[in-house]
Amino acid sequence: MKLSHFNFNLPKELLAEFPAENRDESRLMVIDRKKNTIEHKMFKDVINYFDDGDVLILNNTKVFPARLYGNKEKTGARIEVFLLRELNSEQRLWDVLVDPARKIRIGNKLYFGDDDSLVAEVIDNTTSRGRTLRFLYDGSYEEFRNKLTELGETPIPKYINRDVTPEDAERYQTIYAKEEGAVAAPTAGLHFSKHLLKKLEIKGVNFAEVTLHVGLGTFNPVEVEDLSKHKMDSEELIITQKACDIVNEGKAKKKRICAVGTTSMRAIESSVSSANTLNPYEGWTNKFIFPPHDFSIANCMITNFHTPKSTLLMMISAFCGHDLMKKAYEEAIKEGYKFYSYGDAMLIL
């Protein structure tokens, strides 16, 4: 498969600027790979496809308010600083992206907050927009982290052409988010309401939680025609023994094992034993899934509608089958489904 196989015309108006009014009332396209059928439902209808002993694999990463705005010393120029990851908690070193980058050089200082109570010094260049910052703050580590949270805003994707609202802090986060560390939400999970999860639980569905801290690399479009040459950014991944036990028991009993989102799918595919069971894992993954790929753990998945040439679309093609995926996407566009982070969902059986 080549990059050109993953290009399609996506009308601008189908990019969701806001989430559905209620989490579980977005639309749901249901694709059955065996029957080669496509159905149109509401997300809350997902409950009709799961039974006692089935497993949903959830990514419990929590998005932190990663986007800060500071002012450059002397000139006062407004600079966006996007926190990617903490490199050293003791020295308060962070890997960040800056915009506009051409103005930010090693040795520059940036000031944050109305009272300039937080200062950062640029100590290294990593990529064209990437910098290493050392934060200077008069207080304990906990106070420093609280300050970052206070000054940061929800990192809704750049394509959303509006200011962040207070609602975004809640809606750009799954209701089961626990482990802080993501700079982008695992968006398939945004559709689950507390009520829907409770109903699934009452039905006997089991939940296995994994943690994959989604990085900005998830949005990077592929730029090489030969997919095998694309390099994924590494993301931190934790799979506990408890999660493995839930998944492997469901697998042994031939139950439905559903990866909720591409991040959950990438997580589990990164840690498969030779017997095709899930292994515990703690470390980093840069797994890139594109066709052809044999999936070892999940036999169904829930996902959003993805943008052209994205690695996410390539994974869906590998799981769904390329022709069926193309047909589904053509129908989604015709039916006005919403795409991307705040968009509608798809269940692939």
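Residues numbered from 1 in each chain as written. Predicted model: local features only at pLDDT ≥ 70, side-chain atom pairs only at ≥ 80, totals over all residues. Heavy atoms only, no water.

Some remarks on the side chain of Ser271
Thinking step 1. Secondary-structure assignment places Ser271 in the loop between α5 (262-269) and β15 (281-285).
Thinking step 2. By relative accessible area, Ser271 is classed as buried at 6%.
Thinking step 3. Within the local environment of Ser271, its side chain forms a polar contact with the backbone oxygen of Asn279, the two atoms lying 2.7 Å apart. (Helix = DSSP H or I, 4+ residues; strand = E, 2+ residues; numbered from the N terminus. Buried < 20%, exposed > 50% of the residue type's maximum accessible area, 1.4 Å probe, protein only. Polar contact = N/O pair within 3.5 Å; in protein donor to acceptor, adjacent residues only side chain to side chain.)

Quick look at the domain arrangement of the protein chain
How big an interface is tends to be expressed through the accessible area that disappears when the partners come together.
Thinking step 1. You can read the domains of the protein chain as domain 1 (1-61 + 167-346) and domain 2 (65-151).
Thinking step 2. For domain 1 versus domain 2, the separation of C-alpha centres amounts to 32 Å.
Thinking step 3. The interface is formed by 5 residues belonging to domain 1 together with 7 residues belonging to domain 2.
Thinking step 4. The contact between domain 1 and domain 2 buries some 460 Å² in all, and 62% of this surface belongs to carbon and sulfur atoms.
Thinking step 5. Of all residues in domain 1, Glu180, Val183 and Leu216 bury the most surface against domain 2, accounting for 75% of the area lost on that side.
Thinking step 6. A salt bridge links Glu180 to Arg145, with the nearest nitrogen and oxygen atoms 3.3 Å apart.
Thinking step 7. Connecting domain 1 to domain 2 are 2 residue pairs in polar contact (both at pLDDT 80 or more).
Thinking step 8. Residue composition of the side of domain 1 that touches domain 2, grouped by class: 3 nonpolar, 1 polar and 1 charged. (Domains from an automatic or database assignment. Contact = heavy atoms within 4.5 Å. Buried area = accessible area lost by both parts, 1.4 Å probe. Salt bridge = Lys/Arg side-chain N within 4 Å of Asp/Glu carboxyl O. Nonpolar A, V, L, I, M, F, W, Y, C, P; charged D, E, K, R; others polar.)

A look at the packing of aromatic side chains
Aromatic rings considered in pairs are described by the distance between their centres and by the relative angle of their planes.
Thinking step 1. Here the structure, examined in full by the defined rule, presents 16 aromatic pairs.
Thinking step 2. Their ring planes at 45 degrees and their centres at 6.3 Å tell us that Phe8 and Phe339 sit as a pair that is tilted. Pair noted here: Phe8 is in the segment before β1 (27-32) and Phe339 is in the loop between α7 (322-334) and β17 (345-348), with a separation of 331 residues, a long-range link.
Thinking step 3. Among the residues examined, Phe339 registers a relative accessible area of 0% and is labelled buried.
Thinking step 4. Ring geometry for Phe305 versus Tyr337: centroids 5.2 Å apart, planes at 55 degrees, classification tilted. Highlighted residues: Phe305 in the loop between β16 (300-304) and α6 (311-320) and Tyr337 in the loop between α7 and β17, separated in sequence by 32 residues.
Thinking step 5. Linked through ring pairs, Phe8, Phe305, Tyr329, Tyr337 and Phe339 together constitute an aromatic cluster. (Phe/Tyr/Trp six-rings, centres within 6.5 Å; stacked < 30°, edge-to-face > 60°.)

Observations concerning the sheet that holds β17
Thinking step 1. Within the open sheet, the 9 strands sit side by side as β2-β1-β17-β16-β14-β3-β12-β13-β15. Their pairing is mixed. Bordering the open sheet on either side are β2 (37-42) and β15, each of which pairs with just one other strand. Mean inter-strand twist for the sheet, computed between neighbouring axes without regard to direction, equals 20 degrees.
Thinking step 2. Across 5 bridges, strand β13 (residues 235-239) lies against β15 in antiparallel orientation. From the neighbouring strand, Ile239 faces β15, where its bridge partner is Tyr281.
Thinking step 3. Sitting on the sheet, α6 is in contact with β1, β16 and β17, with an inclination near 150 degrees to β16. (Pairing = 2+ DSSP bridges. Axes fitted to C-alpha atoms, helices over the stretch in contact; angles between N-to-C directions.)

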